[in-house]
Every structure is written in structure tokens, then in C-alpha cells.
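# Coordinates in review
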Amino acid sequence: MVEAVLIDLFSLPANLQNNIQGLLCKTLETIEKCSSSPAPFVYVMCCQRQGSESNDEQESLLPALRDFKSLKKRLEVICALTTAAALYTIKQRLDEKDLSIVKVILPTLRKDIMKVYIEHLFTAVYQFEFEDLQLASDCENLQLAEPQSEKQTLPTQDLTLIRSEIQMYLESLPGLKGELIILRSSLIPDDIFLHGFTTRTGGISYIPTLSSCNLFSSSKRRDPQVVVKENLRRLANAAGFNPETFHRVKIDHANAVCVMGKTEPDSYDGIVTNQKGVTIAAPGADCIPVLFADPVRKACGAAHSGWKGTLLGVSMATVNAMVSEYGCNVKDILVVLGPSVGPCCYKLPHESAKEFHRIDPKCVRLFDSASPYIDIRRATRILLESGGILPENIQDDSVTDQNENITFCTACHPDKFYSHFRDGTNFGTQIGFISIKD
């Protein structure tokens, strides 16, 4: 069932206002007549002329809207200077109501262009179908059509202009939830390395569980890649690194490590480099983002260590890659554990808890329960120390320096961090990042 209808009048010129009125009336009549109960939400998208107010454009359409009382509370006119601005506003309306199935009624010549905008501003969570802007002859037009698989035929120049318009609009948006904040460790020397752990503030992601500096996009979430890219651009500006030479691990919840400059694996949870100016990063939204730095050999690494990766030894695998690839001495390597879910909150089924109990019984609390509490940080420290990392070279503020806390519990601090454990499947992601200064 169609949950929302988008009527695209954006490209129709103002001198065709009378035609727009008639066209809109006929389209709304069809929606009102053919829709099941409840009626879909309807968004009329039109161009705001330079120098005019958005309300002026809405007033000009009112005669065509007044008679549709059943749609009144579900009908909204969205006027904006650009298609990107109008469509992003409509996306916000859809997300507020958790709507995903959308019919787009638009002029035939706009279809290919609109598909490009939708491809950039939406994810696979949404389903779109398209219908030509004309009088519908029967109610079948409001049924969900088969998804169209036509290849994009727009000229490269048009695609570039659309991407540029979207980027400029997103860059103009204010940061949400306060300023962008980066947590840094005093253990890593800042004359050699640039590093930090992100928090959730200062980005443009507006969906509650993803707001605001979400740094990961997937087909299962509502935050598109362009929004994550803008969040990353803002982070890069604040931190001082180049977003064009930024590399993030490709999570597999295992222990593979990517060596920058060599063939990239299909997936990996650790990454190392000795290249200056290249920023590497590991995400975390309960899992530990772990940063590694060797100030002697000037090499660094990042790892994503969830409970599976911790048991598989991803942190020591990252250390071993630095030793074998760059000649690092394990006793020179500094390790910082970033924000992650703490033993105060994190539970696993008893069978999985047994593996942590084998590492150290102190890694498990209430071991005899069905879902014991797990300390993946302690397990990570123990495995690192067993591999030769000096205890004083590991920063885990949950047991060391409470005054300069980096290792917060993500689940306990919803104002600062994202948490999969706390927020469910549509969760946001923060990162730990590091690079060698030029």
C-alpha cells in the first residue's frame, strides 16, 4: 500500500499557473477517490521563485487544495529554491512518520532527474514508484507498481550538477545537538599523530537514533551516504585531516587486517599504515574502536573490536601487522580503547559468556545467569598484555584515569554516544581515527 504521494510541480513555470491548478485538482481527485483508508500523506513539491516567500507559492496553490477535506491534514505544500532542498524536507516528513512506500507523480521529463536525486538522498529502506503527471483513468494507478530498472541516461554534466546542488544544500544546514566534539588521548603524542574519537554532536543527521554526527550509512538505515559524507567533511575540518584520504575498516566482526598500500581484503576489522597524511578509522556503537600508535617507527593502526572480534584477537592481529609490516617493537606500541559499551550494561547469552570466562573469570559478572554481563574491555587488555603490549601503554579510562575519560560506556551516555545495545537496529555510529602528521 502506498503510504505517501509526492507530486512534483517543481519544474513547471509560474506562467503555467492555471494549468498547474487544473492538473493538481485532477491528480488530487484521483488520490482521494482511489486511496484506501487511511488516505496517503500527500506532499506537493514546487519551486520557490527568487525574491518570493514560500508562503506566496503555497497561497497560489490554495484554490486547488481547498476542496480536498479528506486529505487536508495529510496534505502539505513544500516550496524551496532547489529540488534538493524540497526533496530533503519531504524526506524529513517521511522519517517523522516512519513512512517508506512512496508514489512519485511527476512530468515524464523529470523522471530520470528525480531518480538521481532519490538515489543520493534516500537508502534502500524506501520504496519508490513513478507515475506520469496526468489525469488517472482508474484506481489501479495507486497500486504499488513493479520497481523500474531503467538505466540512468542523464549526461555526466547533469549528474555532476545534481551532486553539487545536493552537496551545497547539505553544507548549508546547521549542526544539530551542539558543537562537534572530539575526544583525544594524552597517551598518543600529538606532535607525531593526529587522532581522536567522535561523539554524536555537531552533524546534520536528524533521525533521533542517528542524530547528529552519524558516520556510517547502510541499506538498512535511513541516513544516506551523502549525509554521512557531509558529517565526515565537518569532522575532517574540525580535526584537521583530509576526507579524501580517509579509510575506514570494512566490518566483518572477525580479525582480518588491511595493510594500506597492499591489496585490500573484501572485509576486515583492523587497518594499519605508515603513510603520512592518510587517516584510518574504526567505527563503534558499543564495539570498541581501538587506536594503535608507534612513535618510534611512526606507524599506526585502528581496529573495530566487538565481542566476536575480541575473542578472535583482532587487537593483537593489528599489533602483529604493525610488527611484521613496519618493524615495530611491540613494547613501543601505544593502545587506546575508545568509547564502548561497559560491563555495567553489556550482556551476552551464557554460551558466549563462557568464552570470556576462559580468558579471565573477572570478564564475566553473574556468570550463572542466562545472560551474564561481559567486560570486553578487560578481555581486550588481557589479550594485548599477553601479546607483549606493556600495561602502562594501554589506555582504558574505565580502570585508569577517570579525570580524563575517553572510555565512556556508550549505552550509559545517550547525550554523547550512539549505542546499538540501547537504540536498536536503526542506530548511529561514531569512530576512532588516527593518522601520521606530515
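Analysis parameters
- Per chain, residues are indexed from 1 in the order of the written sequence.
- Local features in this predicted model are restricted to residues of pLDDT 70 or higher, and side-chain atom pairs are both shown and tallied only at a pLDDT of 80 or more, whereas totals for entire chains, interfaces and linings draw on every residue.
- Working from all heavy atoms in the structure, the side-chain values ignore hydrogens and water.
- UniProt positions are given in the numbering used here, feature names are shortened, and annotations may be inferred rather than shown by experiment.
- Secondary structure is summarised from DSSP: a helix means a run of H or I of at least four residues, a strand means a run of E of at least two, and numbering begins at the N terminus for each.
- Any residue under 20% of the maximum accessible area for its type is buried, any over 50% is exposed, and the rest in between are partly exposed; the area is computed with a 1.4 Å probe on protein chains only.
- When charges are counted, Lys and Arg are positive and Asp and Glu negative, with His and the chain ends excluded.
- A side-chain nitrogen of Lys or Arg and a carboxyl oxygen of Asp or Glu constitute a salt bridge if their distance falls within 4 Å.
- We define a polar contact as two N or O atoms separated by no more than 3.5 Å, with the added condition that, inside protein, one atom must be a possible hydrogen donor and the other a possible acceptor, whereas residues neighbouring each other in sequence contribute only through side-chain atom pairs.
- We call two residues in contact whenever any of their non-hydrogen atoms come within 4.5 Å of each other.
- Here the aromatic set is Phe, Tyr and Trp, taking the six-membered ring for Trp, and pairing holds for ring centres within 6.5 Å; pairs whose planes are under 30 degrees apart are stacked, those over 60 apart are edge-to-face, and all others are tilted.
- Only when the NZ atom of a Lys or the CZ atom of an Arg is both within 6 Å of the ring centre and within 35 degrees of the ring normal do we say a charge sits over the ring.
- Angles shown run from 0 to 180 degrees and are taken between the N-to-C directions of axes, each axis being a line fitted to C-alpha atoms and, for helices, limited to the stretch in contact.
- What sets the label is the angle itself: under 35 degrees gives roughly parallel, over 145 gives roughly antiparallel, 65 to 115 gives roughly perpendicular, and the rest give oblique.
- In this scheme the handedness of a crossing depends on how the near helix is turned from the far one: anticlockwise by less than a right angle means left-handed, clockwise means right-handed.
- Residue polarity follows a fixed list, in which Ala, Val, Leu, Ile, Met, Phe, Trp, Tyr, Cys and Pro are nonpolar, Asp, Glu, Lys and Arg are charged, and the others, Gly among them, are polar.
- Two strands qualify as a pair provided DSSP detects at least 2 bridges between them.

Looking up the chain in an unreviewed UniProt entry gives the name Purine nucleoside phosphorylase LACC1, with the organism given as Rhynochetos jubatus. Word for word, the UniProt comment on the chain under Subunit (unreviewed entry) is "Interacts with FASN. Interacts with SDHA. Interacts with ATF6, EIF2AK3 and ERN1." Its UniProt record gives the chain the following Sequence similarities (unreviewed entry) comment, quoted word for word: "Belongs to the purine nucleoside phosphorylase YfiH/LACC1 family."

## Examining the side chain of Asp-294
Structurally, Asp-294 can be placed in strand E12 (residues 288–294). The side chain of Asp-294 is buried and forms no salt bridge, while Arg-297, the nearest opposite charge, is found at 5.7 Å. One polar contact links the side chain of Asp-294 to the main-chain amide nitrogen of Val-296, over a distance of 2.8 Å. A polar side-chain atom of Asp-294 sits 3.2 Å from the main-chain amide nitrogen of Arg-297. For Asp-294, the residues in contact, after removing those within four places along its chain, are Phe-193, Ala-299, Met-322, Cys-328, Asn-329, Asp-332 and Ile-333.

## Re the packing of aromatic side chains
Across all of its chains, the model carries nine aromatic pairs by this definition. Ring geometry for Phe-241 and Phe-246: centres 5.8 Å apart, planes at 15 degrees, overall stacked. The exposure class of Phe-246 is buried, given its relative accessible area of 11%. Ring centres of Phe-241 and Phe-433 lie 5.3 Å apart, and the angle between their planes is 50 degrees; on these two criteria the pair is classed as tilted. One end of the pair, Phe-241, is in the loop between helix H6 (225–239) and strand E8 (246–248); the other, Phe-433, is in strand E18 (residues 430–436), with 192 residues separating them in the sequence. Across the pair, exposure class does not vary: Phe-241 and Phe-433 are buried alike. An aromatic cluster is defined as three or more aromatic residues linked by ring pairs; in this entry it consists of Tyr-88, Tyr-169 and Tyr-206. Lys-115 extends its terminal NZ or CZ atom over the ring of Phe-130, reaching a point 5.3 Å from the ring centre. The ring of Phe-427 has Arg-221 sitting right over it, with the charged end atom 4.0 Å from the ring centre.

## Remarks on the pattern of salt bridges
Enumeration over the complete set of coordinates arrives at 19 salt bridges. Note that Arg-233 and Glu-230 form a salt bridge whose closest N and O atoms lie 2.8 Å from each other. Remark: Glu-230 and Arg-233 occur in helix H6; sequence separation between them is three residues, near one turn of the helix. Residue class for Glu-230 comes out buried when judged on its relative accessible area of 4%. Linked by salt bridges that have partners in common, Lys-91, Asp-95, Asp-98 and Arg-222 make up one network.

## What to know about the packing of helix H3 (residues 83–96) against helix H4 (residues 111–121)
Contact pair H3 / H4: the axes reach a minimum separation of 11 Å and the direction vectors enclose 55 degrees. Regarding the angle of H3 to H4, the classification is oblique. Classified by chirality, the crossing of H4 by H3 is right-handed. Residues Thr-83, Ala-84, Leu-87, Tyr-88 and Lys-91 of H3 lie in contact with H4, whose contacting residues are Met-114, Tyr-117, Ile-118 and Leu-121. Taken together, the residues that form the contact of H3 with H4 break down as seven nonpolar, one polar and one charged.

## Comments concerning the pairing of E18
Extensive coverage of E18 is indicated by the burial of seven of its seven residues. Of the pairings in the sheet, the one linking strand E11 (residues 279–284) to E18 comprises five bridges and is antiparallel in character. Directly across from Ala-281, in E18, lies its bridge partner Phe-433.

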